[in-house]
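# Working through the structure, step by step
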Amino acid sequence: MLSKKLQDALNRQINEEYYSSYLYTAMVAYMADLNLDGCAHWMKMQAEEEHQHALKIFDYMVERGARVELLEVKAPPKDWDSPLDAFKAALEHEKYMTKNINALADLAIEEKDHATNNLMQWYVTEQVEEEANVDDIVKKMEMIGGTGHGLFMIDRELKTRPAPAILTGGDGA
Ligand SMILES: [Fe+2]
Ligand SMILES: [Fe+2]
């Protein structure tokens, strides 16, 4: 049985992952409005991945016989100052999500729940990748100034991002 504390924390993390998906979807709209098809595509794949992150915890809770409770998802911002500013906001958001995951892993250890800790370790590894991916785009955009020809080149590169794998169950598969 999941402890009540862990159950509540996992429900909140599902909500955070849905918010992440919502935030990146708002960025899809922003990029599409600027005719940055590649950036919009990248954000759409990111939004889909965050949805998968939510479902992975969802499936895990169901497997553990815990009741999932879906909470209200707050509205994301609509606009950013520039594409670079949006990617910087994405990086800040990923850092925030890493903190959430670390806190959940701490709680799982506190509660001596090894299975939940194991699930959280998957997210710990995933967050390293998430931060690195966004950081790479921010650095490239900063290098080229985030406008004109350079932005066009990055936009073309981001269009090649493949769709995320469908995650099932809570075992990291
Ligand atoms: Fe996530
Ligand atoms: Fe993420």
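Right above here is the structure, for reference.
Residues numbered from 1 in each chain as written. Chains lettered and ligands numbered in written order. Predicted model: local features only at pLDDT ≥ 70, side-chain atom pairs only at ≥ 80, totals over all residues.

## Things to note about the overall build of the protein
Within the protein, the secondary structure is distributed over five helices and zero strands. Listed N to C, the secondary structure of the protein is α-α-α-α-α in terms of helices and strands. Its C-alpha atoms put the protein at 55 × 25 × 25 Å along the principal axes. Here the protein holds 173 residues, and the buried ones make up 32% of them. Considering only residue pairs separated by 6 or more positions, the protein has 78% of its internal contacts joining residues 24 or more positions apart. (Helix = DSSP H or I, 4+ residues; strand = E, 2+ residues; numbered from the N terminus. Buried ≥ 20, exposed ≤ 12 C-beta atoms within 10 Å, placed from the backbone. Contact = placed C-beta atoms within 7 Å.)

## Let's talk about the environment of N133
In this fold, N133 is placed in helix α4 (residues 114-144). Under the C-beta neighbour-count criterion, N133 is labelled partly exposed, with 16 such atoms within 10 Å.

## Here's the deal with helix α3 (residues 83-110)
Between its first and last C-alpha atoms α3 spans 41 Å; for 28 residues at 1.5 Å apiece the expected length is 40 Å, and the two agree. Within α3, the full set of buried residues consists of P83, L84, A86, F87, K88, A90, H93, E94, M97, I101, L104 and A108. Of the surrounding elements, those touching the buried residues of α3 are α1 (4-33), α2 (37-63), α4 and α5 (148-158). (Expected span 1.5 Å × (residues − 1).)

## A look at the nonpolar core
Grouped together as the largest cluster of nonpolar side chains are 37 residues, with contacts concentrated most on M27, M31, C39, M43, I57, F87 and M120. Broken down by secondary-structure element, the contributors of at least two residues to this core are α1, α2, α3, α4 and α5. Broken down by element, this core gets its largest block of residues, ten residues, from α1. Once residues lying within four places of it in the same chain are set aside, the contact partners of F87 are V134, I137, V138 and M141. (Core = buried A, V, L, I, M, F, W, Y, C linked by C-beta atoms within 7 Å.)

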